[in-house]
Each structure stands twice: as structure tokens, then as C-alpha cells.
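# Summary of the model geometry
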Amino acid sequence: MKFSRQVFLALAFTLTPTGGVKPQSSPSPDNTSEQAAQAQISASGVAPSPSATAAVEPPSLIPDNLLSAPATLPSIPAAPDLGQLSTFFKQTSLGKTADEHRLHVQMSALEVGIRNDEDLHALKADAFRARTDLERRHRLRTYYDAYYKRLQDRASTPDLKGYIVAQRAAHELTLLQPRTRHQTDE
């Protein structure tokens with residue numbers, strides 16, 4: 001027990017910085033004393049180990065034949081320009097409800113353009129001044145003809161024109177009274 005304690009104390013004393021063993025540091029170009037020591041070792045004829053002087057790169061885990069570069073790089077497929085993409089997505093249908101909503105919004109924008117038309121206001125006022133129901137329905141048909149004609153003249157796309165025709169037909173159906181017997185009504 002005494003012997004092991006003495007060995008332990010001796011080792012601890014020799015390994016402490018004050019015990020005489022100099023801590024190792026990396027060689028620096030400014031330290032001339034280490035360069036002189038290296039020169040003395042090389043002059044003495046004792047060759048240092050090759051692992052100490054040159055860094056050895058570890059072997060590669062990937063075989064060399066897999067690392068060779070391809071002869072030609074793969075070509076990047078030509079992407080359509082931004083204009084073509086935007087027209088494609090404008091034409092793509094999002095569903096029946098979304099298409100009807102889009103057409104309704106476009107038709108509302110057209111209606112804003114003809115909202116203050118004096119001829120249309122006169123035709124509508126004339127229709128509501130009619131004395132009989134039959135006469136009022138005929139005048140409203142004239143008003144709807146003029147109204148939807150102006151909307152179709154302003155429409156730019158075929159699907160919007162078709163939507164306007166469908167709206168016109170729906171309004172004209174409200175003018176018919178199939179249960180009353182008029183000689184001039186269809």
C-alpha cells in the first residue's frame with residue numbers, strides 16, 4: 001500500500017507542469033528553439049518516423065471507378081416561359097362552382113361599365129310605367145334585349161359570352177306566365 005502510494009505520488013509529481021515535464025504544443029514558425037532541435041535530430045542521423053512528418057490520407061471508402069465524372073452532364077429540360085405558364089393556369093378549370101363565380105365576377109365588371117347608360121334607364125322606366133301586366137312583360141323583354149346586347153358587345157371571351165346568354169335566358173323565363181291565357185304570349 002505504501003509502495004503504490006509512492007508510485008502514484010511520483011507519477012503525479014512528474015506529470016505536473018511544475019514537476020519538470022514540459023507540456024506539448026504545436027510547432028510554430030516563430031519558435032526557433034524547436035527548429036534548432038529538429039535540425040539537430042536530422043544531423044544526428046536518426047530519421048524521424050514517416051507518420052510524424054507527413055500527413056497520411058485515409059483510404060477512400062468509395063471505389064475510384066464510381067467517382068469518375070460523367071462524360072457529359074445531363075441536359076436540363078427546357079421549361080416553358082412565364083407567359084405560357086400563366087395562360088395555362090388561366091385556362092385550367094378549378095371546378096364548376098369556381099368557374100361560375102369567376103364568370104359572375106367578370107359579368108359584374110361589365111355591368112359596372114353600362115350602369116349609367118341613359119337609354120337603358122329610359123327603357124326600364126318605360127317598362128314599369130306600362131298599364132297592363134302583358135304590356136310590362138313585353139317592354140321588359142325589350143329592355144333585357146338591349147341590356148344583354150350591350151353586355152355581349154363588351155364581353156371578350158367565348159365562355160363569358162355563353163354565360164351572358166344563359167343569364168339572359170333565365171331573365172326571359174321569368175317574363176313568361178304559362179298559366180295565364182293571353183293570345184299574344186307564347
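To keep things clear, this report deals only with the structure shown in the data block. Predicted model, so just to flag it, every value in this text is computed and none were measured.

### Quick word on the overall build of the protein chain
- Scanning the protein chain for helices and strands turns up nine helices and zero strands.
- Counted from the first residue to the last, the protein chain has its helices and strands arranged as α-α-α-α-α-α-α-α-α.
- Burial statistics for the protein chain: of 186 residues in total, 12% are counted as buried.
- Across the protein chain, every contact between residues at least 6 apart in sequence was considered, and the portion connecting residues at least 24 apart equals 56%.
- Here the protein chain displays about 15,700 Å² of accessible surface, and carbon together with sulfur accounts for 61% of that area.

### Some words on the nonpolar core
- Counting residues in hydrophobic clusters, the biggest one holds 18 residues, and the most contacted among them are Met107, Tyr147, Tyr148, Leu151, Leu160 and Ile164.
- If you list the elements that add at least two residues to this core, you get helix H6 (96-113), helix H7 (118-128), helix H8 (133-154) and helix H9 (158-175).
- In terms of residue count, the dominant contributor to this core is H8 (seven residues).
- Those residues in contact with Ile164, other than ones at most four positions away along the chain, are Met107, Leu110, Tyr148, Leu151, Gln152 and Ala155.

### What to know about the packing of H6 against H9
- Contact geometry for H6 and H9: axes closest at 10 Å, N-to-C directions at 80°. Relative to H9, the element H6 is oriented roughly perpendicular. Across from Glu100, Arg102, Leu103, His104, Gln106, Met107 and Leu110 in H6, the residues of H9 making contact are Asp159, Leu160, Tyr163, Ile164 and Gln167.
- Residue composition of the contact of H6 with H9, by class: six nonpolar, three polar and three charged.

### Some points on the pattern of salt bridges
- The final tally for this structure, using the stated rule, is twelve salt bridges.
- With a closest N to O distance of 3.2 Å, Arg139 and Asp126 form a salt bridge. With Arg139 in helix H8 and Asp126 in helix H7, the pair connects residues that are 13 residues apart, well separated along the chain.
- The class for Asp126 is partly exposed, based on a relative accessible area of 30%.

### Focus on the packing of H7 against H8
- Between H7 and H8, the shortest axis-to-axis distance is 8 Å and the interhelical angle comes to 165°. Classified by the angle between their axes, H7 and H8 sit roughly antiparallel to one another. Of the two possible hands of crossing, H7 and H8 adopt the one that is left-handed. Contact residues: H7 offers Asp119, Leu120, Leu123, Lys124, Asp126, Ala127 and Phe128, while H8 offers Arg136, Arg139, Leu140, Thr142, Tyr143, Ala146, Tyr147 and Arg150.
- For the contact of H7 with H8, the residue count by class is eight nonpolar, one polar and six charged.

### As for a nonpolar patch on the surface
- On the surface, a nonpolar cluster with roughly 460 Å² of combined accessible area is contributed by Leu82, Leu85, Phe88 and Phe89.
- Tracing the backbone shows Leu82 in helix H5 (residues 82-91).
- Overall, the relative accessible area of 69% leaves Leu82 in the exposed class.

### Overview of H6
- The first and last C-alpha atoms of H6 sit 26 Å apart over 18 residues, in line with the 26 Å expected at 1.5 Å per residue.
- Buried residues along H6 sit in contact with H8 and H9.

### Re the environment of Tyr143
- Here Tyr143 shows up in helix H8.
- Tyr143 sits 23 residues away from Leu120 along the chain, and the two C-alpha atoms are 6.8 Å apart.
- Setting aside its immediate chain neighbours within four residues, Tyr143 contacts Leu120, Leu123 and Lys124.

The rules behind each value
- Residues numbered from 1 in each chain as written.
- Predicted model: local features only at pLDDT ≥ 70, side-chain atom pairs only at ≥ 80, totals over all residues.
- Heavy atoms only, no water.
- Helix = DSSP H or I, 4+ residues; strand = E, 2+ residues; numbered from the N terminus.
- Buried < 20%, exposed > 50% of the residue type's maximum accessible area, 1.4 Å probe, protein only.
- Contact = heavy atoms within 4.5 Å.
- Areas by Shrake-Rupley, 256 points an atom, 1.4 Å probe, with all protein chains shown as cover.
- Core = buried A, V, L, I, M, F, W, Y, C linked by side-chain atoms within 4.5 Å.
- Axes fitted to C-alpha atoms, helices over the stretch in contact; angles between N-to-C directions.
- Parallel < 35°, antiparallel > 145°, perpendicular 65-115°, else oblique.
- Nonpolar A, V, L, I, M, F, W, Y, C, P; charged D, E, K, R; others polar.
- Salt bridge = Lys/Arg side-chain N within 4 Å of Asp/Glu carboxyl O.
- Left-handed = near helix turned anticlockwise from the far one by under 90°.
- Patch = residues over 30% accessible without salt bridge, like charges linked within 9 Å, V, L, I, M, F, W, Y side chains within 5 Å.
- Expected span 1.5 Å × (residues − 1).

Just geometry here; none of it tells us what the structure is for.
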